[in-house]
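Geometric and topological summary
These are the residues of each chain, in order.
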Amino acid sequence: MEIKTLKVAVRDAFSAMESAAADLEAVTDETPEADITQRNEAFEAAERDHKAAVETLERAERVAAARESLPTVPAEDSAPEGAVTSTTGANVRMGVTTEPDMYRSPDKAPRFSFFQDLWNSRKGDSGAQERLARHQAHELEKRAVSNTDGAGGDFVPPAWLISDYVHLARAGRVTADATFKLPLPQGTDSINVPRITGGVTVAALQDGNNASNTDITSDAVTAPVVTIAGNADVQRSALERSTAAGAGLDKILAKDLALAYSTAVDVQAVSGSGSSGNARGILATSGINQVTFTTGSPTLALLYPKLADAVNRVHTGRFLAPTAIVMHPRRWAWFLSQVDSTGRPFIPAQAPFNPVGALADVASEGIVGQLLGLPVIVDPSIPTNRGAGTDQDAIIVARFDDLYLYEDETPRVKVFEQALTDKLQIRVQLYNYLAFTAGRLPKSVSTVEGTGLVAPTF
């Protein structure tokens, strides 16, 4: 297909894409959803057609340029100096080993105008574009032009793919989302739940004797409402100009604040101190079952009975089963590294030999396997600075339905333009309110901690 025809196809495809884009921009709040979907699909199809037409044209132009650089010449003695020819056939292909620059020839006037070709190439002149490409190749052969600034690299600018920016890696809210979640009541600064600490008694009654009679005792579980908040100050020019350029710095800041909020909620549920504006997390709750794993040479064989003990304490203290085991990803990785005396893994990924658990998924957050019949959840928010050496992590075994997280449904995002007016800055703020308690039924929780849970070695 001729290049001129392909250019017409590119032009037509671009016009179709512009028309589809105009239809899509004309969408209003009253436009039916089905119509919006149809217009969006039409635009995507037109965009694909345009891209395919451009690629076909570029491919044809490259082929044409390659053919022009290998001209057909007679096989007689007319081959120019420096050419490699064949002695068979009337006409042959030749590969040119050296070619004078078409814009700078030392012994004759230039055959073409470099600046005229620059102008014509912008108007779609394929001949001018091909000559410029050949000239560039000629110059690259003559000079060792590199990507280094000062040696030609200044003409190769960096590409900023802002839409593909890399957000900061943050842990999610794995443990917090495993708990029982409720909406936070309005108009209060704390959640107070009455709790029976001592119950009535019931016993066999002998004729003529009094029935068992014991009064209940009670107290209250209090969960303060805490505020989770964060600010990000940004120069107004950066915000406005990035938005105008399509980067959307405001959206980038809002997303990072939302990710940071999720991490903060999880930290509060796991290890909030209960003071200085923090919720009281699982590890700071009094009355929970505490299993100590003390050893200088930890192995899975030594830790496994401790986990069974943690499960047992929930069974015998809560009289209902735990629902999950939560640990840090590094601890689960250590579990997976443990092998028996013949080198077989205790937690295999395929058919088991002698498993103590099962590997269900490879993930850094969420459910990854099974131990003692319970799902194993890994959570990077489990602290790794516990113990005297600040190098221990903890394992939590719990009936998570008994742990309550009260939270406002949607975090609030606000933009303040007056707070930093003198610096011409804008403050983006995210905040929300929550209350958390693991103290309703503390015997629903067991933790395993101790020197056997120092940073593992592999």
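Residues numbered from 1 in each chain as written. Predicted model: local features only at pLDDT ≥ 70, side-chain atom pairs only at ≥ 80, totals over all residues. Heavy atoms only, no water.

Below, the discussion takes up the overall build of the chain. A tally of regular secondary structure across the chain gives 9 helices and 18 strands. Expressed as a percentage of the 458 residues in the chain, the buried residues total 33%. Pairs at least 24 apart in sequence give 66% of the contacts found in the chain among residues at least 6 apart. In the form shown here, the chain has an accessible surface area of approximately 27,500 Å², with 54% of it arising from carbon and sulfur atoms. (Helix = DSSP H or I, 4+ residues; strand = E, 2+ residues; numbered from the N terminus. Buried < 20%, exposed > 50% of the residue type's maximum accessible area, 1.4 Å probe, protein only. Contact = heavy atoms within 4.5 Å. Areas by Shrake-Rupley, 256 points an atom, 1.4 Å probe, with all protein chains shown as cover.)

Summarising the element assignment, Q338 is placed in the loop between α9 (329-337) and β11 (357-359). When its relative accessible area of 15% is taken as the criterion, Q338 is described as buried. Apart from residues no more than four positions distant in its own chain, Q338 is found in contact with T299, L300, R344, P345 and F346.

This brings us to the side chain of D402. Mapped onto the elements of the fold, D402 is located in the loop between β14 (395-398) and β15 (404-407). At 2.5 Å, the side chain of D402 forms a polar contact with the side chain of R318. Excluding its chain neighbours within four sequence positions, the residues that come into contact with D402 are R318, R440, L441 and S444. (Polar contact = N/O pair within 3.5 Å; in protein donor to acceptor, adjacent residues only side chain to side chain.)

Okay, a nonpolar patch on the surface next. A cluster of nonpolar side chains, I196, V200, V202 and I216, forms an exposed patch at the surface whose accessible area comes to about 440 Å². Tracing the backbone through its elements, the reader meets V202 in the loop between β6 (190-198) and β7 (217-224). Exposure remark for V202: the relative accessible area of 80% places this residue in the exposed category. (Patch = residues over 30% accessible without salt bridge, like charges linked within 9 Å, V, L, I, M, F, W, Y side chains within 5 Å. Salt bridge = Lys/Arg side-chain N within 4 Å of Asp/Glu carboxyl O.)

Under the definition given, this model contains 14 salt bridges. Close ionic contact of D219 with R195 constitutes a salt bridge, the shortest N to O distance being 2.9 Å. Here D219, found in strand β7, pairs with R195, found in strand β6; they are 24 residues apart in sequence, far enough to count as distant. Between E449 and R386 there is a salt bridge whose closest N-O contact spans 2.9 Å. You can see E449 sitting in strand β18 (residues 445-449) and its partner R386 sitting in the loop between β13 (374-378) and β14, a full 63 residues away along the chain. Classification of R386 as partly exposed rests on a relative accessible area of 23%. Linked by salt bridges that have partners in common, R173, D177, K181 and E407 make up one network.

What follows is about the packing of aromatic side chains. Counting across every chain of the model gives 5 aromatic pairs. Seen in terms of ring centroids, F180 and Y404 are 5.1 Å apart; in terms of plane orientation they differ by 35 degrees. Their pairing is tilted. With F180 in strand β5 (residues 180-183) and Y404 in strand β15, this pair connects stretches of sequence that are 224 residues apart. The class of Y404 is buried, set by a relative accessible area of 17%. Considering the side-chain rings of W334 and F335, the 5.7 Å spacing of their centres and the 85 degrees angle between planes classify their relative orientation as edge-to-face. Both residues of the pair, W334 and F335, count as buried. Connected via pairs of aromatic rings, a cluster forms that spans F180, Y404 and Y406. If you follow R331 out to its NZ or CZ, it ends over the ring of W334, 5.3 Å from the centre. (Phe/Tyr/Trp six-rings, centres within 6.5 Å; stacked < 30°, edge-to-face > 60°. Lys NZ or Arg CZ within 6 Å of the ring centre and 35° of its normal.)

This prediction gives the chain a mean pLDDT of 81; 76% of its residues lie at or above 70. Ignoring residues within four places in sequence, the model shows residues 71-98, a span with pLDDT below 50, making 30 contacts including any to other chains. Here residues 105-109 is a poorly scored stretch, pLDDT under 50, and it has 0 contacts once near neighbours within four places are set aside; other chains count. (pLDDT = per-residue confidence, 0-100.)

Before going further, it helps to examine the environment of N192. With respect to the helices and strands, the residue N192 is situated in strand β6. A residue is classified by how much of its surface remains accessible, and N192, at 46% relative accessible area, is partly exposed. Along the sequence, N192 and D219 sit 27 residues apart, while their C-alpha atoms lie 9.9 Å from each other. Residue contacts for N192: discarding those within four places in its chain leaves V221 and T222. One polar contact links N192 to S190, side chain to side chain, over a distance of 3.1 Å. A distance of 2.8 Å separates a polar atom in the side chain of N192 from a polar atom in the side chain of T222.

Bringing helix α7 (residues 249-271) into the picture now. Because the α-helix completes a turn every 3.6 residues, residues three or four places apart line up on one side. Over its 23 residues, α7 extends 33 Å from the first C-alpha to the last, a length consistent with the 33 Å expected when each residue adds 1.5 Å. Here α7 has its buried residues at L253, L257, Y261, S262, T263, V265, D266, Q268, A269 and V270. Buried residues belonging to α7 abut α5 (174-178), β8 (226-235), β15 and β17 (425-437). (Expected span 1.5 Å × (residues − 1).)

For the rest of this paragraph, the subject is unusual backbone geometry. Even without being glycine, S276 reaches a positive phi, approximately 55 degrees. Turning to its location among the elements, S276 is positioned in the loop between α7 and β9 (289-292). By relative accessible area, S276 is classed as exposed at 74%.

Once that is clear, we can look at helix α1 (residues 3-25). Between its terminal C-alpha atoms α1 stretches 33 Å, which fits the 33 Å expected from 23 residues at 1.5 Å a residue. Of all the residues in α1, the buried ones are I3, L6, K7, V10, A13, M17 and A20.

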